[in-house]
Amino acid sequence: MYRLLAALLSTSVLFAGALVPVEGLSPYLPPAGWEPNRGQIDSSVLFYSRGSSAISVTAQSLLLTPRAIRQTLIGSNPDPAVRFLDPLPGPANIYAGADRQKWVTGLTRYRTVQLSDVYPGIDAHFSVSEDSTPTIQFLVRPGADPARIQFDIPAAELLRQASDGSLAIYLTGSRIGTPFVYPAPSAEQGTQPRMVQFVTEGKRFGFQVSGQDASTPLTIRLSFLSTSGGPVTGGPSAVDGEGNTYRGMSVSDALGPSTVPCRLQLVAASPCLDAAIYKFSKSGELRYVTYLSGSLGEELNFLGLGPDGNLFAAGGTNSANFPTSAGALQTTYAGPAPQPVDLGPSDQTGDLFAARLDAATGTLTAATYLGSPNADTFVQAAIAADGSMHFFPRAIAAASTGMPTTSGALLRECTTPLPQERCREGYAARLTPALDRMLYGTYLPGTSLASASLHPDGSLLYAGSAGAGFPTTPSALQAAPAGNGDGIVARLDAAGTKLLAATYIGGADSDWILNATLAPDRTAWVSLQSFAQCCINVRYRLLHLDANLTRILAEQPIAVNDMRAAADGGVRLLTVGDIRTTNDAFLRSACGAYNAGYLRLTPAGAISFASYLPPVAWSDSFGTMSPGGRPMLTLRTGSAEVIEDRDPGVFAGCLTDSPSFQLTETVVPGGLVSIFGAGLGPQEGAAFQLVNNRVPTTLGGTRVLVNGEPAPILYASHNQINTILPHNLAVGELATVQVERNGASHSIPFLRGVGAAVTLFRADGSPQRPAAALNEDGSVNTPENPARPGARVVLFGSGGGATNPLGTIGEIFPLVAGPASAPARVRSADGQILSVEYLGAAPGLLTGVLQLNVVLPGAVPPLPDYLRTIFPQGNAIPLWVDSPGAPSPGGFVTVFVTAGPGTPPAPHGPTDSGSARWFSRTTAGVTP
């Protein structure tokens, strides 16, 4: 069995690639702060805080978003004195609505706001912590009555207190939905804590304090869930030459009592989103935040710096009163009737918008709509060397019909309309730096399923697919389509009037191109996908084409998710799939099933650098390419960038469940896990030897700390560690796994403990997934040495939770039965639940290794269609373990059987010496 672990370990060689933080990029949003109302929103609002959600405060109420929960302070002072305290760095510029007289610039944000005498003898302090958690502190002076403090929630249907002291607020009609929750309150008098709890009556709640001394001031603290802050996990960004970083986000609008919620999610009202643009200094200090806001939703999709120090932003809006500038190209909304809508994955909005800001101060210098009478979809944007702003096609995004075009444009109208006013063709536009004129607007022959890349000279490379009739240029690589639909590549001139080069690329099958990039020498890299039937057996070709699109300069069979051309004419790209890493990779093994990779190719198509990438915190993509071509990744700890030719030191890229090698962000107490990265251990690798009958916690100069405590290490090499987790990991709580070596360290944070999840070892990595299994006679189960149907087999795995006796992590489990607490079951391909005679520790083996004695079905169950090609001989039984919290609930292992029927097995206990002998003799390097 230990041979399995050794086979899954890998050796390693010299390395020189690293992931480093993006210079100047703050991976965290700043504290949300409180912004005074200077006329930018409803006049009844005194101040507000906004981020991923928002809180607006009036003299006698709070409005909490995104659930639009209004809370009234019953019988409170209608005119309390307001005092703003502790100013925060980074003023706010607020461009809300079309009325320029109500725009506010240079507004100071504050950490604390005091409302005096909201009740007789009671002040309220509203504060925001560093992690943007808003808190209300009621300061009760001697003799004042804290029972006066009462909130009324008109929209509440049910208020329910939990055993931990928290309060869940269910809105009308949403009792089965997710409630709004207040954590348990706290109270103190001086340094002495006081018992305080919520008191509810109908739709009202207040506080009950025990042990209060009425002659001493009392503080009652009520916290909200965080409204912003935390790691930035998306949004456009840009970095200037001084290292200042500009980050764009969509944040909740600050709603007033008379504001209609933007949209409905099930039965709960939600706010609109505003476009927020943050500037951070090189050292990470916030310089300003600028909001662009209409009465409905805005979504920010692009940020870019112009050559003269201007900052450009673009996105989509549903607002008829978006803040445009005088003399802008399009000052009025052209889209369909504004209505509360959710900006969903389609990114369809009423109109597009473009804005120009002074990069130094964040003041708005120009802004315009760009749209048609139909719902528009955001496209890509870029800034040319002359400062002009370009919009051009984006993959899987159909343009709308009726977009504005210019005289002399390549294609004035959409010639291939689709339902819902969509257009099969792409669309491109070029605006002056002042956003006051359209230099060109044109539809693009081909398809809307396209990718594009802007050259500094203003020419535009775009690619997609087309049938017959696409206008190729003389000497094109392929002048006519070869199938029903072929890929196309074209380069549009800077005036938008003609194609400088255009060609088909494809064969008899269907082909399309969703990724294309233009190199400085005007050569083009394109990624072609081909298939006979949509999305089945797709074949990939990465092509390097000459500037005139007449010749193929290089070719590789690589699937591309995103790519950028390099200065030398080569290309850097992101891919998903198995890759052959180079010796200088910083992650030479895929993180379980997560196999995103980064490659650098020379102009001749040779791979000069290749590495797998660690997992990231967002699910829709695994990174974006920087203008220089390197991927910018949003990791759990913030944004980082791949830097080649740099020693990464110690880099812990990911953690997987050892038996299944599935990537996981959960950890099982007592489970076996593998850590992948670089610089983790010695180059040649080291397997443990027992020291005083224990697995050592230091191996080859490497230590692994789980929540600060050293863990036993089974194996350590340059790019992989195998270790056993402690039993005391709390279910549901966060854990941190840290690797230390030669004075350097790196952590994998935010791993969450789960219950008794069970996963099973496999004998190798083949598609058949043969189980690490013993037959009844103690021999290894293989296709050449199968079990009988109806016989008993012994499987090995990890997890299972606490055993009885528990065993000591890092020591050999005694030769006694140790049943596990796991609520696991084993089933076959046809859904049969198999008899599990024993589930628990593997006697005589390391604590943490799990043993399952399972009785096979009396006949080979029928296989589902998707498994028949893997097991054409029909001599195998795939088995699944269903276990709550298991990292790979859909994974299976295979036990091989003979064709004939079996006989009932004889009784067989967990301490059978054959299993222990087999387990130890087949485990290289780690035999007890």
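Just so we're clear, the structure is a prediction, and the values are computed from it rather than from any experiment. (Residues numbered from 1 in each chain as written. Predicted model: local features only at pLDDT ≥ 70, side-chain atom pairs only at ≥ 80, totals over all residues. Heavy atoms only, no water.)

Enquirer: Give a description of the overall build of the protein that names residues and reports values.
Expert: Looking only at helices and strands, one finds 3 helices and 74 strands in the protein. Counting all 928 residues of the protein, 57% fall into the buried class. Here the protein displays about 35,300 Å² of accessible surface, and carbon together with sulfur accounts for 52% of that area. (Helix = DSSP H or I, 4+ residues; strand = E, 2+ residues; numbered from the N terminus. Buried < 20%, exposed > 50% of the residue type's maximum accessible area, 1.4 Å probe, protein only. Areas by Shrake-Rupley, 256 points an atom, 1.4 Å probe, with all protein chains shown as cover.)

Enquirer: Pulling in residues and values, what's your account of the packing of aromatic side chains?
Expert: Across all of its chains, the model carries 23 aromatic pairs by this definition. In textbook terms, an aromatic cluster arises when at least three aromatic residues are bridged by ring pairs, as seen for Phe138, Phe151, Tyr182, Phe198, Phe205 and Phe207. Stacked on the ring of Tyr291, the Lys or Arg Arg50 has its end atom at 3.6 Å from the ring centre. (Phe/Tyr/Trp six-rings, centres within 6.5 Å; stacked < 30°, edge-to-face > 60°. Lys NZ or Arg CZ within 6 Å of the ring centre and 35° of its normal.)

Enquirer: Tell me about empty space enclosed by the protein, and name the residues and values.
Expert: The tally for this structure, following the rule as stated, stands at 7 cavities of 30 Å³ or more. Approximately 90 Å³ is the volume attributed to the largest cavity. In this structure, the largest cavity is lined by 13 residues; those nearest its centre are His727, Gly799, Gly801, Thr803 and Gly848. A per-class count over the lining of the largest cavity returns 6 nonpolar, 7 polar and no charged. (1 Å grid on protein atoms, 1.4 Å probe; cavity = no way out; pocket = protein on both sides within 12 Å on 5 of 7 lines; lining within 4 Å. Points joined across faces, edges and corners; volume = space filled by probe spheres on them. Nonpolar A, V, L, I, M, F, W, Y, C, P; charged D, E, K, R; others polar.)

Enquirer: Which residues make up the pairing of strand S50 (residues 596-601), and what are the values?
Expert: In terms of burial, S50 is a largely internal element, 6 of the 6 residues being buried. Here S50 shows no split at all, with Ala596, Tyr598 and Arg600 on one side and Gly597, Leu599 and Leu601 on the other all buried. Here 6 bridges tie strand S49 (residues 571-576) to S50, and the two strands are oriented antiparallel to one another. Looking at the pairing, Thr575 lines up with Gly597 of S50. With 5 bridges joining them, S50 and strand S51 (residues 607-612) adopt antiparallel strand pairing. Looking at S51, one finds that Leu599 is bridged to Ala610. Between S50 and S51, which pair antiparallel one after the other, the connecting turn spans 5 residues, and Gly605 there sits at a positive phi close to 90°. (Pairing = 2+ DSSP bridges.)

Enquirer: Which residues make up the nonpolar core, and what values go with them?
Expert: Ranked by size, the top nonpolar core spans 40 residues in total, and within it Phe126, Phe138, Ile169, Tyr182, Phe205 and Phe207 carry the most contacts. Beyond its immediate chain neighbours, meaning those up to four positions away, Phe207 contacts Phe138, Ile149, Pro185, Val196, Gln197, Phe198, Val199, Ile220 and Leu222. With 37 residues, the next largest nonpolar core counts Ala686, Ala711, Leu751 and Val794 among its residues. (Core = buried A, V, L, I, M, F, W, Y, C linked by side-chain atoms within 4.5 Å. Contact = heavy atoms within 4.5 Å.)

Enquirer: Summarise the state of the cysteines; cite the residues concerned and give the values.
Expert: For the structure on display, the rule yields 1 disulfide. Linked covalently through their sulfurs, Cys414 and Cys423 form a disulfide whose S-S length is 2.1 Å. Between Cys414 and Cys423, the S-S dihedral sits near 105°, and the bridge is therefore right-handed. (Disulfide = S-S within 2.5 Å.)

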